[in-house]
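Descriptive analysis of the structure
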Amino acid sequence: MDNLEKQLICPICLEMFTKPVVILPCQHNLCRKCANDVFQASNPYLPTRSGSLTSGGRFRCPSCRHEVILDRHGVYGLQRNLLVENIIDMFKQESNSSKPAPEKKEEMPMCDIHEDEKINIYCVTHGVPTCSMCKVFGAHKDCEVAPLSSIYQTKKTELSDGIAMVVGNNDRMQGIISQLEEACRAIEENSRRQKTLVCEKFDHLYSILEEKKRELNQKVTDEQEEKVNYIRGLTSKYGDHLEESCKILEMGIQAMDEPEMALFLQNTKPLLKKIEEASSAAHLDKVELGYESMDHYKVDFKKEGKALRSIDFIQDDDDEDEEDEDAGAGAEEGEGSQTVSGGAVSATSAQPSAPPQQMSSSPSAPTSTPST
C-alpha cells in the first residue's frame, strides 16, 4: 500500500491527487489545480477569466520536462484520468477501513515542553506550532495564535505557489539557455560565411593583380621581340654586305696578279666602282646608343602598397553604398571596392585604386644614322 500511495502523490503539491486528475501527453498526472498553477506561472501574461486560462499556451511537465502545448481551453482541455481517480477513491476507502482512528491521533507531534500536550495551535507571532498549555502558561501566552488547520492550508497554498513559480522560472531559464545556445550557433555560422566572403574578395583582388602583371609583362615582351627582330635583321644585312665585300676583295686580289696591262686596265674600272660601293655602309642602319636598354619600364608601388595596407572593415552604410557603385566602373581598370555583408555586421574591404602601373609605354624607336 505504501508503494501504491507513492504513485498517487502529485509532484507539485506533494499530496495525494485531488479530483479532477488530468493526464498530460507524456502520460504523467497532475491535479488540475496544480497544473493550472504551473501553467499560469509559465505564462504570466496570458489573459485569464475568473481565475482560469482562456487561451492556449505551453508549459513543461514537472516530472519529465516534456513540453505540453495546450489549446484555447488551457488546462481545462486536458483529458481527465478517471482510472487514477477511481484508484484514489479505492485507496482512501481501503485506508479508512484498515487504519483505526486512534492510530492517526498517535501520529500528532507532542510539545517539547509539555510532553503530555499535543501540538494543536499555531503561534502567528513567532511562526511556530505549539500547544495550548504554552499559550496559557508558557512562552506564547502573549502571542497571537491561530488554528493549525487554517495556517496549514495557507502555508500549503504558499508552498504550492512557490513550487509552481520555481517551475515556471526554470522553464524560462531553460528557454533563455536555448536562445543563447542558438545565438552561439548563429554567430559561428555567420562568422564562417563572412570568412568565406572575405576570402572570395581577396581572391578576386589577387586575380586582378595577376592579370595586370601579365599585361605589363606582355608589354615588355612585345618590345623585346620588336628590338631583337630589328637587331637580327640588321645583323643579316651587315652579314650580306660583309660577304659581298669579301667577294670583291677576292676579285681585287686576283686582278692584282694580272700581268697584261691592257686587260688589267680593262677590268679595273668596274672593279674600283664595286670596291667604292663595298667600302661605303651609308645605306645600312646604325643602332643608337642605349637602344638595348629596357630601363624605361619603371613601376612605383608606394601608392598601391599604402592602399593595400589600409584595407579594413568599415561600418558606415553610406560609404558602403558608394563603394558598391564605384566597384562596377573600376572593375575594368583593376580598381574598385569589395563588399562583404551578412549577419549583424556589414563590412567592405578596399582595393588599391590602380594596379602598379607608372610605366613608360613607348620603346625607343631605332634610328638610321648615315655613315660618314
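Looking up the protein in an unreviewed UniProt entry gives the name RING-type E3 ubiquitin transferase, with the organism given as Oreochromis aureus. Looking at the protein in UniProt, the text filed under Catalytic activity (unreviewed entry) is "S-ubiquitinyl-[E2 ubiquitin-conjugating enzyme]-L-cysteine + [acceptor protein]-L-lysine = [E2 ubiquitin-conjugating enzyme]-L-cysteine + N(6)-ubiquitinyl-[acceptor protein]-L-lysine."

1. A short note on the overall build of the protein
On a plain count of helices and strands, the protein comes out with nine helices and twelve strands. By the burial criterion, 27% of the 372 residues in the protein qualify as buried. For the protein, the computed accessible surface area is about 25,400 Å², with 54% contributed by carbon and sulfur atoms.

2. Quick notes on the packing of aromatic side chains
How two aromatic rings sit relative to each other is given by the distance of their centres and the angle of their planes. Under the counting rule described, the total for this entry stands at two aromatic pairs. Ring geometry for Phe-202 versus Tyr-206: centroids 6.4 Å apart, planes at 55°, classification tilted. Within this pair, Phe-202 and its partner Tyr-206 are both found in helix α6 (residues 148-256), separated by four residues, close to a single helical turn. Ring centres 5.8 Å apart and planes at 65° place the aromatic pair Tyr-230 and Tyr-291 in the edge-to-face group. Of this pair, Tyr-230 sits in helix α6 while Tyr-291 sits in the loop between α7 (261-279) and α8 (302-309), placing them 61 residues apart in sequence. Pair check on accessibility: Tyr-230 and Tyr-291 agree, each one buried. If you follow Lys-227 out to its NZ or CZ, it ends over the ring of Tyr-291, 4.9 Å from the centre.

3. With respect to the packing of α6 against α7
One way to put it is that α6 packs onto α7 with a least axis distance of 10 Å and a crossing angle of 155°. Taken together, the axes of α6 and α7 lie roughly antiparallel to each other. Here α6 and α7 pass one another in a crossing that is left-handed. Residues His-241, Ser-245, Ile-248, Met-251, Gly-252, Ala-255 and Met-256 of α6 form the contact with α7, whose own contacting residues are Phe-264, Leu-271, Lys-274, Ile-275, Glu-277 and Ala-278. Here the residues of the contact of α6 with α7 sort into eight nonpolar, three polar and two charged.

4. Observations concerning the sheet that holds strand β2 (residues 29-31)
Here we have three strands laid out as an open sheet, ordered β2-β1-β7, and antiparallel in their pairing. Only two strands of the sheet have a single partner each, and these edge strands are β2 and β7 (79-80). Judged from the three bridges that link them, strand β1 (residues 21-23) and β2 form a sheet pairing that is antiparallel. Of the residues in β2, the one forming a bridge with Ile-23 is Asn-29. Taken strand by strand, helix α2 (residues 32-42) contacts β1, β2 and β7, and its axis lies near 90° from that of β2.

5. Regarding the packing of α2 against α6
As a packed pair, α2 and α6 sit with axes 8 Å apart at the nearest point and diverge in direction by 45°. Of the possible angle classes, the one that applies to α2 and α6 is oblique. Crossing geometry of α2 relative to α6 is assigned as right-handed. For the pair α2 and α6, contact is made by Asp-37, Val-38, Ala-41 and Ser-42 and by Ser-160, Asp-161, Ala-164, Met-165, Val-167, Gly-168, Asp-171 and Arg-172, respectively. Here the residues of the contact of α2 with α6 are counted per class, giving five nonpolar, three polar and four charged.

Rules and cut-offs
All residue numbers refer to position in the chain's written sequence, counted from 1. Totals for whole chains, interfaces and linings use every residue, but because this is a predicted model, local features are given only for residues with pLDDT of at least 70 and side-chain atom pairs only at 80 or more, for both listing and counting. Computation of side-chain values: all heavy atoms of the structure, hydrogens and water removed. UniProt positions are given in the numbering used here, feature names are shortened, and annotations may be inferred rather than shown by experiment. Labels follow the DSSP assignment, with helices taken as runs of H or I lasting at least four residues and strands as runs of E lasting at least two, numbered in each case from the N terminus. The rule is simple: take the accessible area with a 1.4 Å probe, protein chains only, and divide by the maximum for that residue type; under 20% is buried, over 50% is exposed, in between is partly exposed. Only the protein chains shown count as covering a residue, and every accessible area follows the Shrake-Rupley method with a 1.4 Å probe. Two rings from Phe, Tyr or Trp (for Trp, the six-membered ring) form a pair when their centres sit within 6.5 Å of each other. Planes less than 30 degrees apart are called stacked, planes more than 60 degrees apart edge-to-face, and all others tilted. Whether a charge lies above a ring is judged from NZ of Lys or CZ of Arg, which has to be within 6 Å of the ring centre and within 35 degrees of the ring normal. Only the stretch in contact is used when a helix axis is fitted, and all axes are lines through C-alpha atoms; the angle between N-to-C directions ranges over 0 to 180 degrees. Orientation labels follow simple angle bins: below 35 degrees gives roughly parallel, above 145 gives roughly antiparallel, 65 to 115 gives roughly perpendicular, and whatever is left gives oblique. By convention the crossing between two helices is left-handed if the near helix lies anticlockwise of the far one by an angle smaller than a right angle, and right-handed if it lies clockwise. Here, two residues are considered to be in contact whenever any of their heavy atoms come within 4.5 Å of each other. Each residue receives one of three labels: charged for Asp, Glu, Lys and Arg, nonpolar for Ala, Val, Leu, Ile, Met, Phe, Trp, Tyr, Cys and Pro, and polar for the others, Gly being one of them. One requirement defines pairing of two strands: DSSP has to find at least two bridges between them.

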